[in-house]
Amino acid sequence: MRRDELLFVPLGGAGEIGLNLNLYGLGGQWLMVDLGISFADEMLPGVEIILPDPRFIEGRSEDLCGLVLTHAHEDHFGAIPYLWQRLRCPIWCTRFTAAVLRRKLDESHLKGVPVNIVAPGERFRIGPFDCELIQVTHSIPEAHALALRTPLGNVLHTGDWKLDPAPLLGALTGTDALEAFGHEGVLAMVGDSTNILNPGTSGSEAEVRDSLMELIGRQTTRVVMTTFASNVARLETAIKVAAACGREVAAVGRSMRRMIDAAREVGYLQDVPDLLDERTAAELPRDRVLWLSTGCQGEPRAALTRIAAGQHPTLALEPGDVVIFSSKIIPGNERTLYNLHNSLIRAGIEVITEEDHFVHVSGHPCRDEIEQMYRWIKPRIAIPVHGEARHLHEHRAFARRLGVPEVIEVRNGDMVRLAPAPAEVVEEVPTGRLVLENDGLIAAGDDLFRTRRRLMAHGTVLVGLVLDAYGTLLAAPQLSTFGAVGLDQEPGLKVGVQNAIEDAVEALEDEAALDDEQIRGSVRAAVRRAFRLVRERRPIIEVQITRLGREALEGLLDEAGAV
Ligand SMILES: [Zn+2]
Ligand SMILES: [Zn+2]
């Protein structure tokens, strides 16, 4: 890095929603903003969590002077327990984020992480960066934009934000502070693109409260409401609505209870009634309780999934009960959620979602709000982040139409020079994804996952051969199939395939018969032919060869008393 350059490098979150990891470079030093995770899809079977690959900054961790967290959402701070040890830098955040982080670090038994608590509006220094967190409204308390002041220009990193005149809990977006920062002159704005495709505004938490008040007020049976545990304003809404409707509240799911504790510790949720424990709540009449549950995205191990499957230790739903999904149906997650909705509906439970009732507003800005932000900040350079390619591309066009002179569409690993002008991608640095597998981290591109996908789609055929040193079969080939071909469907199929394998081994030239790899190749081809596998069926055909040498052979014959 040249000393007279101001750089920006996203290692995660540019071209995807999730696993945010941003770097700013100046004077040979780096500042990290956020370090998040995402959840795996069906491309990574058996995997839950994915993380950004930090190897670029890990290789220069002595130049990494700190990590600022904009807020306590998993996609912004969830990777800390897994990656901090590789980076070992101090962390800066506000009280609520620190309270949630502490619980997370305790659970993963990670000790010695230095966490500096700062207040919004306070100026603090990290290496060459003069930093200030500016309050923004979002779907979690204490979300912030980060204002960076440097000799080469100022940067606003918006983090996740929205405008809401009545967020009910947590701060209003600090429009005065943003406007004032804009007046100071802003070189670059790196901004949230999640809802760039949505016109208008994102709506107010107060309107959701009114709607839920009306909706829950008219229920006469058991009500379960699920939302993201971190949406403390929505939890407060649930608790206040319940009180107004003569219901007690019980929270199920570990992350729900953890988040409520963290919120109370730093002063939120003070003027609401206490929550009941699950057992006491389970003994009350159905219409006297509002259950708050985790699992609004159908997460396999979350409380709601277990409740729907009838596997929850305290809460059993009955026909006529109501489940309200006070949350977004996250794109890409529809199938999982609809399966959960279907299983509830089949059990006679009424399911209410954002598709049929007004039960949710987004925590991210729509187009009118984003336009407003550009009017306040007036950056010379715009860099859209926190979005898939389609979001970043649209955000670029949007910023251009608003008259931003330079807009850069980035991908993870792009090193952007912000100053001196002109802004441009000057280098590509290594990037990628890691996955948590058996408590270790491996690359998401690892062969392991290609094999797993192939097993899922095509199954496997196992062939066991016992050969002597010269390649003669000493026993009939063993054959089993898993998820590939139904061996029992066709009488005689198994024997036919075994014969084909025998023929293939016997047909080998003398030299080929000495080479295990050549034997495997011929046997695989014979199995494909004998099963009449079409080109689209590609089971993994695994051939295991055991060679018995003369000595081993004589030993066996001895034992059998055949000599
Ligand atoms: Zn986010
Ligand atoms: Zn967020």
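Our subject is the structure that appears above.
Residues numbered from 1 in each chain as written. Chains lettered and ligands numbered in written order. Predicted model: local features only at pLDDT ≥ 70, side-chain atom pairs only at ≥ 80, totals over all residues. Heavy atoms only, no water.

Peer 1: Mind showing me how you'd approach the packing of helix 15 (residues 493-506) against helix 16 (residues 516-530) here?
Peer 2: How two helices sit against one another is set out by the angle between their axes and by the gap between those axes. One way to put it is that helix 15 packs onto helix 16 with a least axis distance of 9 Å and a crossing angle of 150 degrees. At the point where helix 15 passes helix 16, the crossing takes the right-handed sense. Between helix 15 and helix 16, the residues in contact are L493, V497, A500, I501, A504 and V505 and S522, V523, A526, V527 and A530, respectively. When the residues that make up the contact of helix 15 with helix 16 are grouped by side-chain class, the tally is 10 nonpolar, 1 polar and no charged. (Axes fitted to C-alpha atoms, helices over the stretch in contact; angles between N-to-C directions. Helix = DSSP H or I, 4+ residues; strand = E, 2+ residues; numbered from the N terminus. Left-handed = near helix turned anticlockwise from the far one by under 90°. Contact = heavy atoms within 4.5 Å. Nonpolar A, V, L, I, M, F, W, Y, C, P; charged D, E, K, R; others polar.)

Peer 1: What is the right way to look at the coordination of the zinc ion (ligand 1) in this model?
Peer 2: In ideal tetrahedral geometry, four donors around a metal make angles of 109.5 degrees, whereas ideal octahedral geometry with six donors gives angles of 90 or 180 degrees. Taken together, the protein ligands of the zinc ion (ligand 1) are D75 (OD), H76 (NE2), D160 (OD) and H386 (NE2), with distances of 2.0 to 2.2 Å. The coordination sphere of the zinc ion (ligand 1) comprises 4 donor atoms, whose angles at the metal cover 85 to 161 degrees; the geometry is irregular. Here the zinc ion (ligand 2) and the zinc ion (ligand 1) are spaced 3.4 Å from one another, each receiving a donor from D160. In this pair, H76 sits in helix 2 (residues 74-77) while H386 sits in the loop between strand 20 (381-385) and strand 21 (387-388), placing the two residues 310 residues apart along the sequence. H386 gets classed as buried once you look at its relative accessible area, which sits at 3%. (Donors = N, O, S within 2.8 Å, 3.2 Å for Na, K, Ca; no water. Tetrahedral: all angles 85-135°; square planar, octahedral: opposite > 155°, others 65-115°. Buried < 20%, exposed > 50% of the residue type's maximum accessible area, 1.4 Å probe, protein only.)

Peer 1: Is there a simple way to explain the coordination of the zinc ion (ligand 2) in this structure?
Peer 2: For the zinc ion (ligand 2), the full set of protein donor atoms is H71 (NE2), H73 (ND1), H138 (NE2) and D160 (OD), at a range of 2.1 to 2.3 Å. Note that the zinc ion (ligand 2) binds 4 donor atoms; their angles at the metal cover 93 to 164 degrees, and the shape is irregular. Mapping the donors of the zinc ion (ligand 2) onto the primary sequence gives the spacing H-x1-H-x64-H-x21-D.

Peer 1: Would you mind going over the pattern of salt bridges with me for this structure?
Peer 2: For side chains bearing opposite charge, pairing can occur when the charged atoms are close. Counted according to the given criterion, the structure contains 34 salt bridges. A salt bridge links R234 to E205, with the shortest nitrogen-to-oxygen separation between them at 2.4 Å. Linking R234 in helix 7 (residues 232-244) with E205 in helix 6 (residues 205-217), this pair joins segments that are 29 residues apart in sequence. Across the pair, E205 and R234 agree in class, each one buried. (Salt bridge = Lys/Arg side-chain N within 4 Å of Asp/Glu carboxyl O.)

Peer 1: Sorry if this is basic, but what is going on with the side chain of T70 here?
Peer 2: Assignment of secondary structure puts T70 in the loop between strand 7 (64-68) and helix 2. Taking relative accessible area as the criterion, T70 reaches 0% and is therefore assigned buried. A polar side-chain atom of T70 sits 2.8 Å from a polar atom in the side chain of D34. Engagement of the side chain of T70 in a polar contact is seen with the side chain of H71, the distance being 2.9 Å. Excluding residues that lie within four positions of it along the chain, T70 makes contacts with V33, D34, H76, E142, A143, H144, H157 and G159. (Polar contact = N/O pair within 3.5 Å; in protein donor to acceptor, adjacent residues only side chain to side chain.)

Peer 1: Looking at this structure, how should I read the sheet that holds strand 27 (residues 460-468)?
Peer 2: Pairing between the strands of a sheet is mediated by backbone hydrogen bonds and can be parallel or antiparallel. Taking strand neighbours across the sheet as the criterion, the 3 strands line up as 28-27-29 in an open arrangement whose pairing is mixed. Every interior strand has two partners, whereas the edge strands, strand 28 (478-482) and strand 29 (540-548), have only one. The sheet shows a mean angle of 15 degrees between the axes of neighbouring strands, taken without regard to direction. Summarising the sheet, strand 27 and strand 29 pair through 9 bridges and their orientation is parallel. Note that in strand 29 the partner of V463 across the bridge is V543. The strands touched by helix 15 are strand 27 and strand 28; relative to strand 27, the strand with the most contacts, the crossing angle is about 45 degrees. (Pairing = 2+ DSSP bridges.)

Peer 1: Looking at this structure, how should I read the state of the cysteines?
Peer 2: Working definition of a disulfide: a covalent bond connecting the sulfur atoms of two cysteines. Applying the stated criterion across every chain yields a total of 0 disulfides. Not part of a disulfide, C89 finds its nearest cysteine sulfur in C65, a span of 8.6 Å. Between C296, a cysteine without a disulfide, and C366, which holds the nearest cysteine sulfur, the sulfur-to-sulfur distance is 19 Å. (Disulfide = S-S within 2.5 Å.)

Peer 1: Whenever I open this one, helix 13 (residues 389-401) confuses me. Can you help?
Peer 2: Residues three or four positions apart in an α-helix share a direction because the helix packs 3.6 residues into each turn. The end-to-end C-alpha distance of helix 13, which contains 13 residues, comes to 18 Å, matching closely the 18 Å that a straight helix rising 1.5 Å per residue would cover. Listed in full, the buried residues belonging to helix 13 are H391, L392, H395, F398 and A399. Down the axis, helix 13 shows its buried residues gathered within 125 degrees of arc, on one side only. Helix 13 presents A389 and R401 as exposed residues on the side facing more than 90 degrees away from its buried surface. For helix 13, the secondary structure elements touched by its buried residues are strand 2 (14-15), strand 14 (188-192), helix 12 (367-377), strand 20, strand 21 and strand 22 (406-407). Immediately beyond the C-terminal end of helix 13, within one or two residues, lies G403, with a positive phi of roughly 95 degrees. (Expected span 1.5 Å × (residues − 1). Arc of directions from axis to C-beta.)

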